[in-house]
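Below, each chain spelled out in residue letters.
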Amino acid sequence: MKEYEYTFEVKSLDPYKKYCENEHYELIEQGAQNRTIYRKNDGTMARITINNNNGQITKCLDFKEDKLVDQPLVERRESESLYFSDEKAVYSILEFLGYKKDNVLIRNRYTYKKGDAKFEMDEYIEPRKAYIVAIEGKKEKVDCLYNEVKNLQ
């Protein structure tokens, strides 16, 4: 599937959370994430994400085009997430496919959704302290939302 997403760093998540609440977005996920990124030299990355949402632990694997850009908008293909319990098998598959561990991200994530648009707000703890907002969904809606919120602070 193709992802259409604006991603940008902000000074605080508070104005964006308030925007979502005022515009009646539903908070669909809130919790800690530990994401390990695996890369290989074919333009793709694999990600193992361990989610802790109020004590409920889930583990998933997904794949994404490995595109780094210096602009807020990025379009890239990504797979659906595969939820798993057998970590040994997943690590074996990644090794078999040639993926090598690259880095680990530790963050708190807040996900708001309404219709065809989703806000993902991340408070990064490692590898560095940062606040990131991502808006993804259908092109027309996301373009409009980005222009509406890009200067909130």
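The coordinates are above.
Residues numbered from 1 in each chain as written. Predicted model: local features only at pLDDT ≥ 70, side-chain atom pairs only at ≥ 80, totals over all residues. Heavy atoms only, no water.

Would you take a moment to explain the environment of Gly137 for this structure?
Its place among the elements puts Gly137 in strand 9 (residues 130–137). Excluding residues that lie within four positions of it along the chain, Gly137 makes contacts with Tyr4, Asp116 and Val142. (Helix = DSSP H or I, 4+ residues; strand = E, 2+ residues; numbered from the N terminus. Contact = heavy atoms within 4.5 Å.)

How should I be thinking about the nonpolar core in this particular structure?
Grouped burial of nonpolar side chains is what soluble globular proteins tend to show. Counting 20 residues, the largest nonpolar core has Phe8, Tyr25, Phe119, Met121, Val133 and Ile135 as its most contacted members. Put simply, the parts of the chain that give this core at least two residues each are strand 1 (2–10), helix 1 (14–22), strand 7 (100–114), strand 8 (117–126), strand 9 and helix 3 (139–149). In this structure Ile135 touches Tyr4, Glu5, Tyr6, Phe8, Lys118, Phe119, Val142, Leu145, Tyr146 and Val149, once residues within four positions along its chain are discounted. Judged by nonpolar contacts, the second largest core, of eight residues, contains Tyr38, Ile48, Leu94 and Tyr99. (Core = buried A, V, L, I, M, F, W, Y, C linked by side-chain atoms within 4.5 Å. Buried < 20%, exposed > 50% of the residue type's maximum accessible area, 1.4 Å probe, protein only.)

Explanation requested: the pattern of salt bridges in the structure shown.
Under the definition given, this model contains 20 salt bridges. Salt-bridge contacts for Lys40 lead to Asp42; the nearest nitrogen and oxygen are separated by 3.7 Å. The class for Lys40 is partly exposed, based on a relative accessible area of 26%. Using a relative accessible area of 46% as the deciding quantity, one classes Asp42 as partly exposed. Across the salt bridge formed by Arg47 and Asp62, the nearest N and O atoms sit 2.8 Å from each other. A residue pair is termed long-range when its members are at least 10 positions apart, and Arg47 in strand 3 (residues 44–53) and Asp62 in strand 4 (residues 56–65) qualify at 15 residues. For Arg47, a relative accessible area of 8% translates into the label buried. (Salt bridge = Lys/Arg side-chain N within 4 Å of Asp/Glu carboxyl O.)

This is a description of form; function is not addressed.
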